[in-house]
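# Summary of structural features
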Amino acid sequence: MLIELLAPGGSYDSVIAALNAGADAVYTGGNLFGARANAQNLTLDELYSVIDYAHLFGKKIYLTINTLIKEKEIEEQLFNYLLPLYEYGLDAVIVQDMGVLLFIKENFPGLHIHASTQMTITGKLTVKELEKLGVTRIVTPRELSINEIKMIRDSSEIEIESFVHGALCYCYSGQCFMSSYIGGRSGNRGQCAQPCRMEYDIIKNGELINSGNNKYVLSPKDICTLRILPDIIEAGVYSLKIEGRMKKPEYVAGVVSIYRKYIDKYLDDRERYNVDEKDIRLLSDLFNRNGFSESYYYKNNGSEMISLKKPVFRRENTEFVKSLKEKYVSKRKRYPLDITVVIEKNTPIELSTQINGEKVVLQGERPLIAENRPITEDIVLKQLSKLGNTNFEIHSIDIRLSDGIFVQVGYLNQLRRDFIEKVQNCILFIDRRKKVEQKKITKVRYHNDSLSINVLISDFKQLDSVLKNKYVNRIYIEEYAFHEKEVSKLIKKIHEANKEVFLAMPYMFREKDKKIFHIKFGDDLFKFDGFLIRNIEQYYYLDKNGLENNYVFDYNVYTYNTIAKDYYLSEEIVSTVPLELNYRELKDRGCEKEEFIAFGYMPVMISAGCGLKTCKQCDSKNTTYEIRDRLNNKFATKCICQYCYNIMYNCKPLSLLGYGAEIKSLNPGSIRLNYTFETENQVKESLEQYINVFIHNQKTIDNTDSTRGHFKRGVL
């Protein structure tokens, strides 16, 4: 297959509709671990059924296990959930969690692993490493450009899957905490409440800049790439992915049928490829948010990608929807069989057919001699043609029937059922796998002799308060705070205060960003004591360039379980304790040797989209503006203009000042305090409070206007 058309299947009917409409593969979810927990996910029997249906016609089924998975879940549920589907012939799993990836590789040999878009894979170095781990396909972030995809394709043989149609998130997939912090419904756990689809004000320097009805500033239009489909294919994308597991079967069938048409047009004659505007209108009739965009393939951001106004959905194109239902939803494909039936005297009844050049035969009992009413060809034909609830139909039937023979109708029906089951098993036998036993998970427990205090600063006005404090061991400095001419001087100043200095890397790190980063820091990179990693590509980039320093993976390079945590520790990488696990879950997982964030304004979104650019007020000055919701909560948002992305921070800082004893019982290696917008005096006061709690074991009551995050409640 040169190109795969990959469709969403949020329900059993949607999977069938997608396959009927021309999808080469369907990604769908079961009752656990999928990023669309609120879809009509399939039961085990339904998954068996669609695997059979797909495989009969040379199609594939991929299972979504694309959420972060907790310690108890990976220990008690994951293996038993996946085992029957693995044995039955599931084609691949889509995975976000590094621990899950390693667990599946260890326990389910030969099962294809696709790295989800939720892994935020932004560069070719990460792709190469995932390939070494056995990943056979990556799903690119929607934000990657055509050229970035080409670079990945040129550096690896791994399959590339990219979105070509459907909903577009405002935030980089896997980097969104907005739904999680606001209501405890985590996008990393398949529970996103889509707060980005609500109304917001954008405030710059105290002034509202999105006046009127332009309130849907975080709500991107759906993407439609029919016009640039050849460019996407020629960039090296193998699997063209349609989003929509929450959509109706008719939507899935309609989008799939139109994309099938244009993929076939491309394959037939690239030079004559053109798009009929009627088909764009049909796609729009199925669903749109004030029109379509072509995603980020040729744009970095902009107002034309955003809905802005409340979506006005078209009235349903009833004629089109009716035709889709009749053609793809209500009907099933049937595998055509050419059957030979032999019912002769003194010979066992025999049904046979040819499957892939091999003869499949079922023999029954010898027929009886008729005493008065012999069986006729019409009766045999009628009974053997009753294949209504199966995946088969009779294409032709050759009946060889002796005179004067009697066979009970009920027995013919039983032969038909047994024969169809044997034929289906013969076709699908090649897909079945042998049973495997679960490998034991080995946990490594560590002990920390001491607890250190580390501080992250975002403004050099905060630095003096930190330098003067003897209890601070390490200072992280946000990359955007540095001016390239000041790097050496500032590192020297921190070292003279006998403290480590780590560079807090950008939240995004794409191919285009590497040149900017290298020009800014150059050989000064070797003067840092280590790096705070926010995107896995950064680790491989720094390591490749000879930076054999200390690495700390930040909270958004996820280690929800000990498999992921210990994997990184084996590479001498320290993780940051996940922010969405509660105290009990963290005890199950263990936090030894790790860093624990106890204070700070935490990002809720990392986005390629920019509120100032959307409102046509881009100034390229690393401006901080505010996004205000309908409850008057204000989310400070910083433009990182060098790399062209935004950081939206939570409206309240995380503060765990009152949970010192509980946190220390988890035995982390260090406590980190993240300072973003705080003044020098605020940093000084806050630092003293946390040192009193974590170093001097004092108890305190936290009366600040802050949030406890998920330390007590966790997420579902």
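As a starting point, this report considers the structure included with it. (Residues numbered from 1 in each chain as written. Predicted model: local features only at pLDDT ≥ 70, side-chain atom pairs only at ≥ 80, totals over all residues. Heavy atoms only, no water.)

### With respect to the overall build of the protein
So the rule is basically this: The numbering of helices and of strands both runs from the N terminus, where a helix is a DSSP run of H or I of at least 4 residues and a strand a run of E of at least 2. In this analysis, two residues are considered to be in contact whenever any of their non-hydrogen atoms come within 4.5 Å of each other. Per-residue accessibility takes into account occlusion by the displayed protein chains alone, with areas from the Shrake-Rupley method and a 1.4 Å probe. Charge assignment in this entry is limited to Lys and Arg as positive and Asp and Glu as negative, and neither His nor the chain termini are counted. Charge placement uses NZ in Lys and CZ in Arg. For Asp and Glu, CG and CD serve respectively.
Along the backbone of the protein there are 23 helices and 33 strands. Seen through its principal axes, the protein has C-alpha atoms that stretch 110 × 55 × 45 Å. Across the protein, every contact between residues at least 6 apart in sequence was considered, and the portion connecting residues at least 24 apart equals 72%. Taken as a whole, the protein presents about 30400 Å² of accessible surface, with 46% of it coming from carbon and sulfur. Taken together, the 99 basic and 95 acidic charged side chains of the protein have centroids lying 4 Å from each other.

### Notes on the packing of aromatic side chains
Spelled out, the test is: The pairing test for Phe, Tyr and Trp rings, Trp by its six-membered ring, is centres within 6.5 Å, and the orientation test on the planes gives stacked under 30 degrees, edge-to-face over 60, and tilted for anything in between. Partly exposed describes any residue whose relative accessible area lies between the buried limit of under 20% and the exposed limit of over 50%, with all areas from a 1.4 Å probe on protein chains only and scaled to the type maximum. Counting as a charge over the ring demands two things of the Lys NZ or Arg CZ atom: a distance within 6 Å of the ring centre and an angle within 35 degrees of the ring normal.
This model, assessed by the stated rule, comprises 35 aromatic pairs. Measuring from centroid to centroid gives 5.6 Å for tyrosine 601 and phenylalanine 677, while their planes differ by 70 degrees, and the two rings are edge-to-face. Of the two residues, tyrosine 601 is situated in the loop between β27 (595-600) and β28 (603-607) and phenylalanine 677 in the loop between β33 (670-674) and α23 (680-694); the sequence distance between them amounts to 76 residues. On the basis of relative accessibility, which here comes to 22%, the residue tyrosine 601 falls in the partly exposed class. The lysine or arginine in question, arginine 332, covers the ring of tyrosine 53, its NZ or CZ lying 4.5 Å from the ring centre. One cation-aromatic arrangement involves lysine 333 over phenylalanine 57; the distance from NZ or CZ to the ring centre is 5.4 Å.

### What about the sheet that holds β27?
What counts is decided by this rule: In this description, strands pair whenever DSSP reports at least two bridges between them. Only the stretch in contact is used when fitting a helix axis, every axis being a line fitted to C-alpha atoms; angles between N-to-C directions are given from 0 to 180 degrees.
With respect to topology, nine strands assemble into an open sheet ordered β26-β25-β24-β23-β22-β21-β33-β27-β32, the strand pairing being mixed. Bordering the open sheet on either side are β26 (573-575) and β32 (654-655), each of which pairs with just one other strand. In this fold helix α16 (residues 487-496) packs onto β22 (472-478) and β23 (500-504), with an angle of close to 140 degrees to the strand it touches most, β23.

### Section: the sheet that holds strand β19 (residues 392-401)
What the four strands build is an open sheet, ordered β17-β16-β15-β19; its pairing is mixed. Pairing within the sheet leaves two strands with one partner each, and these edge strands are β17 (358-363) and β19. With direction set aside, neighbouring strand axes in the sheet form an average angle of 25 degrees. Here nine bridges tie strand β15 (residues 335-343) to β19, and the two strands are oriented parallel to one another.

### Digging into helix α14 (residues 409-428)
What counts, and what does not: One fewer than the residue count of a helix, multiplied by 1.5 Å, yields its expected span.
Helix length check: α14, at 20 residues, gives a terminal C-alpha distance of 29 Å against a target of 28 Å (1.5 Å per residue), a fit within 8%. Taken together, the buried residues of α14 touch α2 (44-56), β15, β16 (350-355), β17, α13 (377-384) and β19.

### Points about a negative patch on the surface
Our working definition: Candidates for patches are residues over 30% relative accessible area with no salt bridge; among them, like charges are joined within 9 Å and nonpolar side chains (Val, Leu, Ile, Met, Phe, Trp, Tyr) within 5 Å. Just to be clear on terms, a salt bridge is a Lys or Arg side-chain nitrogen sitting within 4 Å of an Asp or Glu carboxyl oxygen.
Taken together, Asp543, Glu548, Glu571 and Glu572 make up a surface patch of like negative charges. For glutamate 571, the position within the fold is in the loop between α19 (562-570) and β26. Residue glutamate 571 is classed as partly exposed on the basis of its relative accessible area of 43%.

### Observations regarding the pattern of salt bridges
Applying the stated criterion across every chain yields a total of 42 salt bridges. The salt bridge involving arginine 510 is made with glutamate 148; its shortest N-O contact spans 2.7 Å. You can see arginine 510 sitting in the loop between β23 and α17 (511-521) and its partner glutamate 148 sitting in helix α7 (residues 146-155), a full 362 residues away along the chain. Here the two residues arginine 510 and glutamate 148 agree in accessibility, since each one is buried. Where salt bridges share partners, they join Glu4, Arg137, Glu159, Glu161 and Lys241 into one cluster.

### Remarks on the side chain of lysine 241
Inclusion rule: Pairing of N or O atoms within 3.5 Å defines a polar contact, subject to two protein rules: one partner must be a possible hydrogen donor and the other a possible acceptor, and residues neighboring in sequence count only if both atoms are side-chain atoms.
Residue position: lysine 241 is located in strand β12 (residues 239-242). At 3.0 Å, the side chain of lysine 241 forms a polar contact with the side chain of glutamate 161. Not counting the four nearest positions on each side in its chain, lysine 241 is found in contact with Leu6, Tyr27, Ile94, Val139, Glu161, Ser162, Phe163, Val164 and His165.

### Quick look at unusual backbone geometry
The phi dihedral of asparagine 290 falls on the positive side, at around 55 degrees, and the residue is not glycine. Take asparagine 290: it is sitting in the loop between α11 (277-286) and β13 (292-293). Using a relative accessible area of 26% as the deciding quantity, one classes asparagine 290 as partly exposed. Positive phi is not limited to glycine here, since asparagine 667 has a value of about 65 degrees.

### Notes on the packing of α2 against helix α4 (residues 78-88)
Note the threshold: Orientation is classified from the angle alone, with under 35 degrees giving roughly parallel, over 145 giving roughly antiparallel, 65 to 115 giving roughly perpendicular, and any other angle giving oblique. Should the near helix be turned counterclockwise from the far one by less than a right angle, the crossing is left-handed, whereas a clockwise turn marks it as right-handed.
The geometry of α2 relative to α4 is characterised by a closest axis approach of 10 Å and an angle of 25 degrees between their N-to-C directions. Here α4 runs roughly parallel to α2, going by the angle between their axes. Every pair of crossing elements has a handedness; the one defined by α2 and α4 is right-handed. Here α2 contributes Leu44, Leu47, Tyr48, Ile51 and Asp52 to the contact with α4, which in turn contributes Pro84, Leu85 and Tyr88.

### Thoughts on the side chain of arginine 289
With respect to the element layout, arginine 289 can be found in the loop between α11 and β13. Judged by relative accessible area, which is 11%, arginine 289 ranks as buried. Here aspartate 222 takes part through its side chain, which lies 2.6 Å from a polar atom of the side chain of arginine 289.

### Observations concerning the packing of helix α6 (residues 124-132) against α7
For any two helices packed against each other, the geometry comes down to the angle between their axes and how far apart the axes lie. Counted only if it meets this: Lys, Arg, Asp and Glu make up the charged group, whereas Ala, Val, Leu, Ile, Met, Phe, Trp, Tyr, Cys and Pro make up the nonpolar group; the residues left over, Gly among them, are polar.
Two elements in contact, α6 and α7, have axes separated by 9 Å at closest approach and are oriented at 40 degrees. Here α7 runs oblique to α6, going by the angle between their axes. By crossing handedness, the relation of α6 to α7 is classed as right-handed. Every residue of α7 that contacts α6 at Lys124, Val127 and Lys128 is listed here: Met151, Ile152 and Ser155. Across the contact of α6 with α7, the residue classes tally to three nonpolar, one polar and two charged.

### Quick look at the environment of isoleucine 160
Position of isoleucine 160 among the secondary structure elements: in strand β7 (residues 159-166). Relative accessible area serves as the criterion here: at 1%, isoleucine 160 is assigned to the buried category. Expressed as a C-alpha distance, the spacing of isoleucine 160 and glycine 236, which sit 76 residues apart in the sequence, is 7.0 Å. The contact partners of isoleucine 160, leaving out residues within four places of it in the chain, are Ile138, Thr140, Ile149, Ile152, Arg153, Gly236, Val237, Tyr238 and Ser239.

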